[in-house]
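Next come the chains, spelled out residue by residue.
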Amino acid sequence: MAAAAPAVDGVLGRGPPGEVIHLNVGGKRFSTSRQTLTWIPDSFFSSLLSGRISTLKDETGAIFIDRDPTVFAPILNFLRTKELDPRGVHGSSLLHEAQFYGLTPLVRRLQLLEELDRSSCGNVLFTGYLPPPVFPVKRRNRHSLVGPQQAGGRPAPVRRSNTMPPNLGNAGLLGRMLDEKSPPSPSGLPEEPGMVRLVCGHHNWIAVAYTQFLVCYRLKEASGWQLVFSSPRLDWPIERLALTARVLGGALGEHDKMVAVATGSEILLWALQPEGGGSEIGVFHLGVPVEALFFVGNQLIATSHTGRIGVWNAVTKHWQVQEVQPITSYDAAGSFLLLGCNNGSIYYVDVQKFPLRMKDNDLLVSELYRDPAEDGVTALSVYLTPKTSDSGNWIEIAYGTSSGGVRVIVQHPETVGSGPQLFQTFTVHRSPVTKIMLSEKHLISVCADSNHVRTWSVTRFRGMISTQPGSTPLASFKILALESADGHGGCSAGNDIGPYGERDDQQVFIQKVVPSASQLFVRLSSTGQRVCSVRSVDGSPTTAFTVLECEGSRRLGSRPRRYLLTGQANGSLAMWDLTTAMDGLGQAPAGGLTEEELMEQLEQCDLAPLASSRGSLPSPSPRTSLTSLHSAFSNTSLSSRWGSPSPPQAEARRRGGGSFVERCQELCSCLSLLPKPMAQEKPLL
């Protein structure tokens, strides 16, 4: 049995340099000299052998250290020879143990080895970086439209004002945030004012939402991404974001661009100018918490799980609120908005005809289909086949239910009046379906059991779904994506796994394993195969992401590009070229995360408070995550390092800056100043 022992002369106090020290590391015996263990000052071993740290001894009198003996072997060899041979040991594990033992020369060397494969300029997929914007001044006059617009459906007045903030010179975002604290969120959780909460894109425009303001960028062919709009500082944290960048025939001209944000029940809408600037259109109230905010053409749509829907029309400048059944899912196709409800019904609204088809100030909401089992429709996807002279328009709808069922219904052009017909049913999920996507080639469903994905190949004849041979099973996999319960991992709406992409092309899932991760994995939605992985170029955690289908250049031979946009905790925005990654498909590992990669990701957080989502009903919000956990980063000081070692990723964020060459020079200087453990040994440069 190991017992605590005080410091004694000749063993744990001052002793001769050649004294033999016996160690029991994790049950394995090691013997070495005092000089070998103590030539690095202020390390764990120098503190241990000087008596500053209490020790445990086994039955043979060897000093017991409760660490991994496999990783300790190369560390001891480094102390003996100043040479590193990490064969058979994972680099991150070795760095973690070197940090625990306080071996500064070894830590710096391992960090340099890590940086050989990492660059602040990113890899070949890295295509752009937008620094944190200037923090705007506080919005002094807060206007909210109340009363008339919520009762009776009467038109709400439209207020317009210049909302561009004044020039703040060279004042940076993070510097100004040190002086002012953001107000608490409605949930009472702390907010990080400088981190990117939400990011969305449409055509050649990007909108980025921070805690209390948003900015918009526009891609110009010659000069790249340019900041064209910055909102004033709002009085509440932004929870929803929507952008439309191509509205033809709108009320404000052919090139209308609009951006909207929401929190709680309040919605703000701005009109954007292509050359910069913007004007506030109005502030609207839904009366209940906004769960989803998006555009269908030039109509702004806001929905809530309570069953209330709000529509703002750019032509009539009319804000309309109406009650329907409790909403559990939605999708839009063309000018149609489809709503899945908890009573098993699917309703639709033709928003293009909205200004002309009002009766008694009510929206024309029609029931399209009712589930045979009357299960709640928890996920919804609409696919419109191309119009042809032979078949007309064939509408296909896939939906998932609260019981885990997946159904496909089809609307024939010649039987429009009779409603959609049930086409196929799959009962492969045992948890509620949270996401579903029907595309040209695949049917993809995701359930609440840790984002379990099932996919099918879809057979088509002349563009229309066919039963010969019908949909066949393709793949089954999981997209593990844990989310922080304390709000530090980003906004849940900004961490949606997807799938992303056009429905006539390959779609992808974006996987962020833990809330504080700086690495994302891009995987095919059809098979789960990895397309690529991207890591933050500045080391900061990724707090929001999305995929942008960007228009091609006007130059001859150019084509549309697909970009992954990642918002960081420090306020910056990075861009990654997914088109190039898709072109090189097959070079990345065939599957998802390897076991080592998954463990490396999970080491960054505390899994103790993780709540299981198995069998639970999905959140009414279409983009709310199903699993939560608390992110825990160790801020352990040097004095407490041996009691609670911190992950190498967190340690890497805490270490100082400097170029790669400067770090190499620092390492060489450090090694040259240290005493040699043996006369015949040469320091390694």
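Going by an unreviewed UniProt entry, the protein carries the name SH3KBP1-binding protein 1 and comes from Ovis ammon polii. According to the UniProt record, the Function (unreviewed entry) comment for the protein is "Inhibits CBL-SH3KBP1 complex mediated down-regulation of EGFR signaling by sequestration of SH3KBP1. Binds to SH3KBP1 and prevents its interaction with CBL and inhibits translocation of SH3KBP1 to EGFR containing vesicles upon EGF stimulation." According to the UniProt record, the Sequence similarities (unreviewed entry) comment for the protein reads "Belongs to the KCTD3 family."

Our next topic: the overall build of the protein. When its secondary structure is counted, the protein shows 10 helices and 38 strands. When each of the 685 residues of the protein is scored for burial, the buried share is 53%. A separation of at least 24 residues holds for 58% of the contacts in the protein among residues at least 6 apart in sequence. Entry remark: accessible area of the protein is about 29,900 Å², with carbon and sulfur atoms responsible for 52%.

With that out of the way, let us pick up the sheet that holds strand 16 (residues 299-303). Strand order in this open sheet of 4 strands is 15-16-17-18, and the pairing throughout is antiparallel. Of all strands in the sheet, those with a lone pairing partner are strand 15 (292-296) and strand 18 (318-323), marking the two edges. Neighbour-to-neighbour, the strand axes of the sheet open up by a mean angle of 20 degrees, direction not taken into account. Pairing between strand 15 and strand 16: 5 bridges, direction antiparallel. Within strand 16, the residue paired with Ala 292 across the bridge is Thr 303.

In this chain, Gly 498 is followed by Pro 499 through a cis amide linkage whose omega measures 10 degrees. Here Pro 499 shows up in the loop between strand 32 (472-478) and strand 33 (508-511). For Glu 374, which is not a glycine, the phi torsion comes out positive at approximately 60 degrees. Tracing the sequence through the fold places Glu 374 in the loop between strand 22 (366-370) and strand 23 (377-384). Of note, the phi angle at Asn 451 is positive, near 55 degrees, even though the residue is not glycine. You can see Asn 451 is positioned in the loop between strand 28 (442-447) and strand 29 (452-457). Here Asn 451 falls in the buried class, since its relative accessible area comes to 12%.

Here the structure, examined in full by the defined rule, presents 11 salt bridges. As a salt-bridge pair, Glu 19 and Arg 34 come within 3.1 Å of each other at their nearest N and O atoms. Within this pair, whereas Glu 19 is found in the loop between strand 1 (3-5) and strand 2 (20-25), its partner Arg 34 is found in helix 1 (residues 34-38), the two being separated by 15 residues in sequence. Arg 67 is the partner of Glu 97 in a salt bridge, and the nearest nitrogen-oxygen pair spans 2.6 Å. One end of the pair, Glu 97, is in helix 4 (residues 91-101); the other, Arg 67, is in the loop between strand 5 (63-65) and helix 3 (69-81), and 30 residues separate them in sequence. The exposure classification of Glu 97 matches that of Arg 67, with both residues buried.

If you look at the biggest cluster of nonpolar residues, it comprises 29 residues, and the most contacted ones within it are Leu 23, Leu 37, Phe 45, Ile 65, Phe 72, Tyr 101 and Leu 103. Elements supplying a minimum of two residues to this core: strand 2, helix 2 (44-49), strand 5, helix 3, helix 4 and helix 5 (104-116). With near-sequence residues (within four places) excluded, Phe 45 lies in contact with Leu 37, Thr 38, Ile 65, Phe 72, Leu 79, Tyr 101 and Leu 103.

The subject of this paragraph is the sheet that holds strand 29. Strand order in the open sheet made by the 4 strands is 27-28-29-32, with antiparallel pairing throughout. In this open sheet, the two edge strands, each paired with only one partner strand, are strand 27 (433-438) and strand 32. On average, each strand axis in the sheet is tilted by 15 degrees relative to the strand beside it, whichever way the strands run. With 6 bridges joining them, strand 28 and strand 29 adopt antiparallel strand pairing. Note that in strand 29 the partner of Val 446 across the bridge is Val 453.

Within strand 14 (residues 278-285), 8 of the 8 residues are buried, which leaves it mostly tucked inside the rest of the structure. Counting the residues between successive antiparallel strands, the hairpin from strand 13 (residues 266-272) to strand 14 contains 5 residues, one of them, Gly 276, with a positive phi of roughly 125 degrees.

Another point: the packing of helix 3 against helix 4. Packing of helix 3 against helix 4 leaves a shortest axis separation of 10 Å and a crossing angle of 70 degrees. Relative to helix 4, helix 3 is oriented roughly perpendicular. The handedness of the crossing between helix 3 and helix 4 is right-handed. Residues Val 71, Phe 72, Pro 74 and Ile 75 of helix 3 form the contact with helix 4, whose own contacting residues are Ser 93, Leu 94, Glu 97, Ala 98 and Tyr 101.

Turning next to the pairing of strand 25 (residues 406-411). If a strand is regular, its side chains alternate between the two faces of the sheet. Most of strand 25 is tucked away, with 6 of its 6 residues classed as buried. The alternating pattern of strand 25 places Val 406, Val 408 and Val 410 on one face and Arg 407, Ile 409 and Gln 411 on the opposite face, and all of these are buried. One ladder, built from 6 bridges, connects strand 24 (residues 395-401) with strand 25; its direction is antiparallel. Of the residues in strand 25, the one forming a bridge with Glu 396 is Val 410. The antiparallel hairpin formed by strand 24 and strand 25 contains 4 residues in its connecting segment, where Gly 404 sits at a positive phi of about 95 degrees. Bridging between strand 25 and strand 26 (residues 421-426) involves 5 bridges; their strand directions are antiparallel.

Here we take up the confidence of the model for the protein. Across the protein, the average pLDDT comes to 75, with 67% of residues at or above 70. When the criterion is pLDDT under 50, residues 1-12 qualifies, and its contacts beyond four places in sequence or with other chains add up to 32 contacts. Across residues 609-657 the pLDDT falls below 50, and counting only partners more than four positions away or on other chains, this stretch makes 115 contacts in the model.

Criteria and thresholds
- Residues numbered from 1 in each chain as written.
- Predicted model: local features only at pLDDT ≥ 70, side-chain atom pairs only at ≥ 80, totals over all residues.
- Heavy atoms only, no water.
- UniProt positions renumbered as here; feature names shortened; annotations may be inferred.
- Helix = DSSP H or I, 4+ residues; strand = E, 2+ residues; numbered from the N terminus.
- Buried < 20%, exposed > 50% of the residue type's maximum accessible area, 1.4 Å probe, protein only.
- Contact = heavy atoms within 4.5 Å.
- Areas by Shrake-Rupley, 256 points an atom, 1.4 Å probe, with all protein chains shown as cover.
- Pairing = 2+ DSSP bridges.
- Axes fitted to C-alpha atoms, helices over the stretch in contact; angles between N-to-C directions.
- Salt bridge = Lys/Arg side-chain N within 4 Å of Asp/Glu carboxyl O.
- Core = buried A, V, L, I, M, F, W, Y, C linked by side-chain atoms within 4.5 Å.
- Parallel < 35°, antiparallel > 145°, perpendicular 65-115°, else oblique.
- Left-handed = near helix turned anticlockwise from the far one by under 90°.
- pLDDT = per-residue confidence, 0-100.

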